[in-house]
Amino acid sequence: MWAKTGPETGERRAARRASRIVGVDAARALAVLGMFASHVGPDPYDGGVDTLIQGATGRASALFAFLAGVSLVLMSGRAPLRGWDRGNAAVVTRVLIRAVLLLPLGMWLADLDTDVLVILAFYALYFMLAWPALWLSTRTLVWVAAGWALLGPIASFLLRRARDTGDVRYVAPGFADWRQGPGHMFETLFLTGSYPAITWMPFVLAGMAVGRLRLGELRVQRALVGIGAALAVLGYGGSWVVVRLFTGDRLARIAEPDSVSDVIRGRVGSVPVSDAAWLTIAEGHTGTPFEIVGAIGVALGLVGLALLACRPWLGRILLDPLISVGAMALTVYTAHLIVIDRWFPLASGETWRRLIGFFVVTMLLCWTWRHTLRKGPMEAALHLLSALPARWVRGAAGGGSAHPVPASDGPVR
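Analysis parameters
- Residues numbered from 1 in each chain as written.
- Predicted model: local features only at pLDDT ≥ 70, side-chain atom pairs only at ≥ 80, totals over all residues.
- Heavy atoms only, no water.
- Helix = DSSP H or I, 4+ residues; strand = E, 2+ residues; numbered from the N terminus.
- Buried < 20%, exposed > 50% of the residue type's maximum accessible area, 1.4 Å probe, protein only.
- Contact = heavy atoms within 4.5 Å.
- pLDDT = per-residue confidence, 0-100.
- Phe/Tyr/Trp six-rings, centres within 6.5 Å; stacked < 30°, edge-to-face > 60°.
- Core = buried A, V, L, I, M, F, W, Y, C linked by side-chain atoms within 4.5 Å.
- Lys, Arg positive; Asp, Glu negative; His and termini not counted.
- Salt bridge = Lys/Arg side-chain N within 4 Å of Asp/Glu carboxyl O.
- Axes fitted to C-alpha atoms, helices over the stretch in contact; angles between N-to-C directions.
- Left-handed = near helix turned anticlockwise from the far one by under 90°.
- Expected span 1.5 Å × (residues − 1).
- Patch = residues over 30% accessible without salt bridge, like charges linked within 9 Å, V, L, I, M, F, W, Y side chains within 5 Å.
- Areas by Shrake-Rupley, 256 points an atom, 1.4 Å probe, with all protein chains shown as cover.
- Parallel < 35°, antiparallel > 145°, perpendicular 65-115°, else oblique.

Per an unreviewed UniProt entry, the protein chain is named DUF418 domain-containing protein, and its organism is Embleya hyalina.

Asks: Explain the overall build of the protein chain to me, and be specific about the residues and the numbers.
Replies: Assigned secondary structure in the protein chain consists of 17 helices and zero strands. The proportion of buried residues among the 413 residues of the protein chain is 53%. Partitioning the contacts of the protein chain with sequence separation of at least 6, the portion at a separation of at least 24 is 79%.

Asks: An account of the confidence of the model for the protein chain is requested, with residue identities and associated values reported.
Replies: Predicted confidence across the protein chain gives a mean pLDDT of 86, with 84% of residues reaching 70 or more. When pLDDT is averaged over each helix and strand of the protein chain, the minimum, 51, is found for helix H2 (residues 51-56) and the maximum, 98, for helix H9 (residues 197-211). The low-confidence segment residues 1-20 (pLDDT under 50) makes 28 contacts with residues lying over four places distant or belonging to another chain. In the predicted structure, residues 397-413 sits below a pLDDT of 50 and forms 51 contacts with residues beyond four places in sequence or in another chain.

Asks: Lay out the packing of aromatic side chains with the relevant residues and their values.
Replies: Taken as a whole and judged by the stated rule, the model has 12 aromatic pairs. Seen from their ring centres, Trp84 and Trp135 are 5.8 Å apart, and the 20° between their planes marks the pair as stacked. Placement of the pair is Trp84 in the loop between helix H3 (59-75) and helix H4 (86-110) and Trp135 in the loop between helix H5 (120-130) and helix H6 (138-162), with a sequence separation of 51 residues. A relative accessible area of 23% places Trp135 in the partly exposed class. Consider the rings of Tyr195 and Trp200, whose centres lie 5.2 Å apart with planes at 90°: the pair is edge-to-face. Overall, the relative accessible area of 5% leaves Tyr195 in the buried class.

Asks: So, the nonpolar core: which residues are in play, and what are the values?
Replies: Counting residues in hydrophobic clusters, the biggest one holds 97 residues, and the most contacted among them are Phe64, Phe66, Ile119, Tyr126, Phe127, Met208 and Leu224. Dropping the residues within four chain positions of it, Ile119 is found in contact with Ser61, Phe64, Tyr195, Trp200 and Tyr333. Among the nonpolar cores identified, the runner-up in size contains 12 residues, and Ala255, Val271, Val273 and Ala277 belong to it.

Asks: Tell me about the side chain of Glu291, and name the residues and values.
Replies: Along the chain, Glu291 falls in helix H12 (residues 289-309). Buried charge without a partner: Glu291 forms no salt bridge, and the closest opposite charge is Arg59, 5.3 Å away. Not counting the four nearest positions on each side in its chain, Glu291 is found in contact with Tyr236, Ile281, Ala282, Glu283, Gly284, His285 and Thr286.

Asks: A description of the packing of H5 against H9 should follow, citing residues and the corresponding values.
Replies: Following both chains from N to C, one finds H5 and H9 inclined at 60°, their axes separated by 10 Å at the closest point. The way H5 lies across H9 gives a crossing that is right-handed. For the pair formed by H5 and H9, the contact residues are Leu125, Tyr126, Leu129 and Ala130 on the first element and Ala197, Trp200, Met201, Val204 and Met208 on the second.

Asks: An account of H3 is requested, with residue identities and associated values reported.
Replies: Taking 1.5 Å per residue, 17 residues should reach 24 Å; H3 reaches 24 Å between its end C-alpha atoms and fits that length. Most of H3 is tucked away: 17 of the 17 residues are buried. Following H3 by one or two positions, Gly77 has its phi on the positive side, about 95°.

Asks: Explain the pattern of salt bridges to me, and be specific about the residues and the numbers.
Replies: Applying the stated criterion across every chain yields a total of seven salt bridges. Salt-bridge contacts for Arg28 lead to Asp25; the nearest nitrogen and oxygen are separated by 3.3 Å. Of this pair, Arg28 and Asp25 both sit in helix H1 (residues 10-40), three residues apart, which is roughly one turn of that helix. A relative accessible area of 6% places Arg28 in the buried class. Salt bridges here are not isolated pairs; linked through shared partners, they connect Arg214, Glu217 and Arg219.

Asks: Let's hear about unusual backbone geometry: which residues, and what values?
Replies: Residue Pro257 is reached from Glu256 by a cis peptide bond, and omega for that bond is 10°. Within the secondary structure, Pro257 sits in the loop between helix H10 (218-255) and helix H11 (260-265). Phi is positive for Asp115, close to 65°, though the residue is something other than glycine. By the secondary structure assignment, Asp115 is in the loop between H4 and H5. For Asp115, a relative accessible area of 73% gives the class exposed. The backbone of His285 sits at a positive phi, close to 70°, despite the residue not being glycine. You can see His285 is positioned in the loop between H11 and H12. For His285, a relative accessible area of 13% translates into the label buried.

Asks: Explain a nonpolar patch on the surface residue by residue, including any values.
Replies: Residues Leu150, Leu151, Ile154 and Leu158 make up a contiguous nonpolar surface patch of about 380 Å² in total accessible area. Structurally, the position occupied by Leu151 is in helix H6. Residue classification places Leu151 among the exposed positions, given a relative accessible area of 54%.

Asks: Describe the environment of Val142, and please don't skip the residues or the numbers.
Replies: Its location among the elements puts Val142 in helix H6. In the structure, Val142 is positioned 68 residues away from Val210 in sequence and 8.9 Å away in space, judged by C-alpha atoms.

Asks: Break down the packing of H3 against H12 for me, with residues and values.
Replies: Packing of H3 against H12 brings their axes to within 9 Å, and their N-to-C directions diverge by 70°. With respect to H12, the axis of H3 lies roughly perpendicular. The way H3 lies across H12 gives a crossing that is right-handed. Here H3 contributes Arg59, Ala62, Leu63, Phe66 and Leu67 to the contact with H12, which in turn contributes Ala295, Val298, Ala299, Leu300, Leu302 and Val303.

As structure tokens, this is what we get:
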């Protein structure tokens, strides 16, 4: 997968680059639309056709975090950084400024009356923790992600048990959490919140490893689909086997008088700390080793399928509205929360009609914006506010750089 290929013509090289960019955008759009399904679609536990909604639960946000890792690597120029020079300092500056900007944005969105667990503040911590990994090789990133996927949930379980935080649930920090002090804020983002970094960093690290690959090559795209399917079977299938053969009866006794699904439904981000058997389940947002491996597999498979679908010109044309949504993911995510807060309270009915309306209107508006004004407003602002200081950092020491700051943000074109 990492082997070098022969010489390419300029046309083939341009086509490969275009396929890579729009394929990542298409995958990001799937994550955004999956979040729509979770946020404005009908409750899957209330009966009816729930496959779409239940399938999006946990997987959409995991794909979002996975693609954050891909974007970090594309932002840095894809190759592992070497040493510490002006270019590297500029890259780190961009990453950290984006984290600083996403934190208050995420807290403001969390304070809206949407009943949505906003992920952006957690993103800020992911970026702060991930930038040293820009120096790691692809294979090292894979091993670190694998080790974190196994040990992170165990560490989370033990830490929450020791601090008696096992019953904390449904937490997305707003400005009220900030006023309680930086220690409380860090604990929420790292350990007890709805997308805690201690169990979500494997998604980011795995995405960074994938971002290093030659994503425009057919064999890489096929490998992503194959490996993703294998990991999904290993994670979700492995949990199914372990629960039914070893821990199912124990979990049923622990959960009484409720069912296991009712207990898990009442939590987001972690499992209870009453018994280690909870670490064998794989439902969305539980942060267990099985769930992390399975969700990474789904993310790999979806990215591979999106890249394959965007290879032919016809595929890129047909998927252009979807690609446009992915190119403006931050804008769409922010806007849909404001719309929910102002005009669509979750208590209102006709959620299937509302969900379809969100899909159609979002794709139409994003397609129109992208083909007239190109970059989304939030993406443009984030790029400007992070790129200008980074260029100053690069130029403050004078001279050139081995790693110039890219003029754009990879897949957001």
